[in-house]
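# Fold and geometry: a report
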Amino acid sequence: MERTSSIRRKATARQRKGEVMIAGEQLRLRLHDGKLIKDRRYHLRTYPNCFVAQELIDWLVSHKEAPDRATAVRLMQHLMDHDILHHVCDKRPRFKDAKLLYRFRKDDGTFPFNREVKIFARGQRLYEHLIGDKKSILQLREEHGVAYQRSFPGGQLIDWLLQNGEAESRRRGLELCRALQEHGIIQHVAKKYEFFDSGLLYQFCINFRCRRRLSELLRESEQDDDKVSTQEDSRGDSPSVRHKSSPQEGDNAFQSVRVSKDLTSVTGGRRGSSNSAQLQSSGFPLLVQLSSSSVRCNPESGELLRRHFTCEELFAPGAPLIKKVLTVIGDALGWGFVVRGMAPCYVQAVDPESPSAASGVKVRQFVCQVNGQCVLYLNYRTVTRLVMTGPRTIVLEVLEPLE
């Protein structure tokens, strides 16, 4: 058990580092497109493919990548700490908001291609290949009665590696897959097993095509995740606000939620359902997590829950609930709704001006499926992760209390 926990912690740390690498590469390409990276001359010497720190800070603030210049400097320092960019002469270990020249290490060939980076790049290449394959092994599959989007049996992935020349033998293929798991690139769908050449199902942990928000990565790196996870999971129903706020408004754009009367109690049997829906990748920014005191309810959404409801109660005969299928197309600010609870999850709050409100998402709706995947028995962390790593357009199946 301790060994498994240690492996998970290491995989999580490596996965976060991988997310920073992706975010840095996406930023580098955007800066090249915006002509901020170019050859520059200083003291009779030409420095190729570099940028002026002050100009980059201007760009980050104007493009809403950072709320202010101080935060933008911290974001760039975060990239420097991960060896993604550096001062052109390596004389300044700290990023400064000044007329100094910096450069991405990928642009001058100094990026440290160690084993960890090589495995991450290999995983990204395999992901792109599998996603682009018309007969991809990434499909909707079930394990122990739970459906998982874009999952694959371990044995089939090794078969695919052999067929496409990615591995010389099954033993080499197994070694590669275990290395991908150790580096947080793939995982068992229920996070219970190491990688085996068998029928066990696995998934990619990282959506390489999803656009990363630098500010979100910085926030995650600065918080004590283990402590937060312990505190929230011990309560069982602690709120997880997954709404991307406007950089112009900040956290103060939301008001506190008030909890009032209980939902009608229902009891009875159990039923689960799952439909097939393709999960498409898109370059869409990650969500920002706000505190529970910074959420605003939809005025006509009704009141929140006072007690936990089981999945059996939701599907009891005669339960005062109606099933709805809602399609939410995210905008530049995200989707705008909050989920809470351990199983089942329910909508805690909705931003009245968000795409979710326009699509019919309301407070007190129980979330049954996300993009065809049954989420009744998943906690809010897993559900929000499905939304965050999925496409811009999400299809929600919900149960709404009858008025």
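Structure report, in brief. (Residues numbered from 1 in each chain as written. Predicted model: local features only at pLDDT ≥ 70, side-chain atom pairs only at ≥ 80, totals over all residues. Heavy atoms only, no water.)

## So, the overall build of the chain
Looking only at helices and strands, the chain has 12 helices and 16 strands in total. The buried share among the 403 residues of the chain stands at 49%. Sequence separation of 24 or more characterises 70% of the internal contacts of the chain that already satisfy a separation of 6 or more. (Helix = DSSP H or I, 4+ residues; strand = E, 2+ residues; numbered from the N terminus. Buried < 20%, exposed > 50% of the residue type's maximum accessible area, 1.4 Å probe, protein only. Contact = heavy atoms within 4.5 Å.)

## A word on the sheet that holds strand E8 (residues 201–204)
If you trace the 4 strands from one edge of the open sheet to the other, you get E5-E6-E8-E7, paired in antiparallel fashion. Among the strands making up the open sheet, the edge pair consists of strand E5 (139–143) and strand E7 (186–188). For this sheet, the mean inter-axis angle between neighbouring strands, taken without regard to orientation, is 60°. Direction of pairing for E7 relative to E8: antiparallel, over a ladder of 3 bridges. In the sheet register, His 188 faces E8, and the bridge partner there is Tyr 202. Contacting E7 and E8, helix H7 (residues 170–182) runs over the sheet at an angle of about 90° to E7. (Pairing = 2+ DSSP bridges. Axes fitted to C-alpha atoms, helices over the stretch in contact; angles between N-to-C directions.)

## Details of the packing of helix H6 (residues 154–163) against H7
In contact at an axis separation of 9 Å, H6 and H7 are set at 115° when each is read in the N-to-C sense. H7 is crossed by H6, and the crossing has right-handed handedness. Residue-level contacts link Gly 155, Leu 157, Ile 158, Asp 159, Leu 161 and Leu 162 of H6 to Arg 170, Gly 173, Leu 174, Leu 176 and Cys 177 of H7. Tallied by class, residues from the contact of H6 with H7 come to 7 nonpolar, 2 polar and 2 charged. (Left-handed = near helix turned anticlockwise from the far one by under 90°. Nonpolar A, V, L, I, M, F, W, Y, C, P; charged D, E, K, R; others polar.)

## Brief notes about the pairing of strand E1 (residues 38–42)
Note that E1 and strand E2 (residues 45–52) share 4 bridges and pair antiparallel. Within E2, the position partnered with Tyr 42 by the bridge is Arg 45. Taking the residues that link successive antiparallel strands as the turn, the E1-E2 hairpin has 2 residues, and the phi of His 43 there is positive, at about 50°.

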